[in-house]
Amino acid sequence: MQEFEGHENVIILDHPLIQHKITRLRDKTTGTAEFRQLVNEIAMLMGYEALRDLELRDIDVETPIEKTVSPVLAGRKQAIVPILRAGLGMTDGILNLLPAAKVGHIGLYRDEETHKPHSYYCKLPAPINERTIIVTDPMLATGGSAIDAIRFIKERGGVKIKFMCIIAAPEGVKALTEAHPDVQIYIGHLDRQLNKDAYICPGLGDAGDRIFGTK
Ligand code: PRP
Ligand code: URA
């Protein structure tokens, strides 16, 4: 795992399976069905790492050989919160790991001219203050959408928040760590920079359009 400018809350996942799948995502000839499947697979692989601090508790269990004490997840208080639209593409991958997790939704879209996020929806599972919250969005570009989404969650009581993205621009990571230094950020790959339209370079294009086959 790599670091970002010494921030201990930023974790860049350099696992070869994740890197291989991201390369397939970048390829402009990768079609919608494969793209959607890859996003979910990457989310699951990232989730495996991002959830390694989930609490455990011991229970009694009887194996075919003898009685023993063995750990299970301590609580069922997790929430996955995709940022619409593209974050939805990562939800099933994480639900594969945490089938009992509740799912919230935050609707945001970026203005094409100003690149600032506009919000249109927010619904979170209660009690949000008791949950480990995994916010998903494949792209962290300027950081505006992630910053606002996490602010909405905090305003509603959310405390333990992780943000998971597949590709990030350095500009977005910097903005997000400054706005929310307490949030753990998991990144599949840190790309070079934003272009003048605030798209990530080399990136993968518009994640929402590629997941849902629009445009
Ligand atoms: C994309 C992406 C992020 C946002 C990232 O969504 O899925 O939510 O842009 O950019 P930022 O870091 O500069 O805020 P978009 O606004 O295109 O909406 P969509 O998912 O509905 O297509
Ligand atoms: N949103 C995307 O979908 N892609 C980018 O490169 C930047 C923002």
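Scroll up for the structure.
Rules of the game
- Residues numbered from 1 in each chain as written.
- Chains lettered and ligands numbered in written order.
- Predicted model: local features only at pLDDT ≥ 70, side-chain atom pairs only at ≥ 80, totals over all residues.
- Heavy atoms only, no water.
- Near = heavy atom within 4 Å.
- Polar contact = N/O pair within 3.5 Å; in protein donor to acceptor, adjacent residues only side chain to side chain.
- Areas by Shrake-Rupley, 256 points an atom, 1.4 Å probe, with all protein chains shown as cover.
- Helix = DSSP H or I, 4+ residues; strand = E, 2+ residues; numbered from the N terminus.
- Nonpolar A, V, L, I, M, F, W, Y, C, P; charged D, E, K, R; others polar.
- Buried < 20%, exposed > 50% of the residue type's maximum accessible area, 1.4 Å probe, protein only.
- Contact = heavy atoms within 4.5 Å.

Looking now at the site of ligand 1. Around ligand 1 sit 15 residues, and of these Arg110, Asp137, Thr142, Gly143 and Ser145 come closest. Measuring from an oxygen atom of ligand 1, one finds a backbone N or O atom of Ala86 at 3.2 Å. For ligand 1, an oxygen atom lies 2.4 Å from a polar atom in the side chain of Asp137. A total of 510 Å² of accessible area belongs to ligand 1 in isolation, and the protein chains cover 90% of it. Residue assignment for the shell around ligand 1 shows that the elements contributing at least two residues are strand 7 (105–110), strand 10 (139–140) and helix 4 (144–155). Sort the elements by how many residues they give to the shell around ligand 1 and strand 7 lands first, with 3 residues. Residue composition of the shell around ligand 1, by class: 7 nonpolar, 4 polar and 4 charged.

This next bit is on unusual backbone geometry. With an omega of -10°, the peptide bond between Ala126 and Pro127 qualifies as cis. Along the chain, the position of Pro127 falls in the loop between strand 8 (117–123) and strand 9 (132–136). Cys201 connects to Pro202 through a cis peptide bond whose omega is -5°. With respect to the element layout, Pro202 can be found in the loop between strand 14 (200–201) and helix 6 (207–212). Look at Glu5: it is not a glycine, yet its phi comes out positive at around 45°. Looking at the element boundaries, Glu5 is found in the loop between strand 1 (2–4) and strand 2 (7–12).

We now examine the environment of Leu176. Inspection of the secondary structure assignment puts Leu176 in helix 5 (residues 170–179). Residue classification places Leu176 among the buried residues on the basis of a relative accessible area of 0%. Between the alpha carbons of Leu176 and Ala146 there is a distance of 7.2 Å; along the sequence they are 30 residues apart. Residue contacts for Leu176: discarding those within four places in its chain leaves Leu140, Ala146, Ile147, Ile150, Phe163, Pro181 and Ile185.

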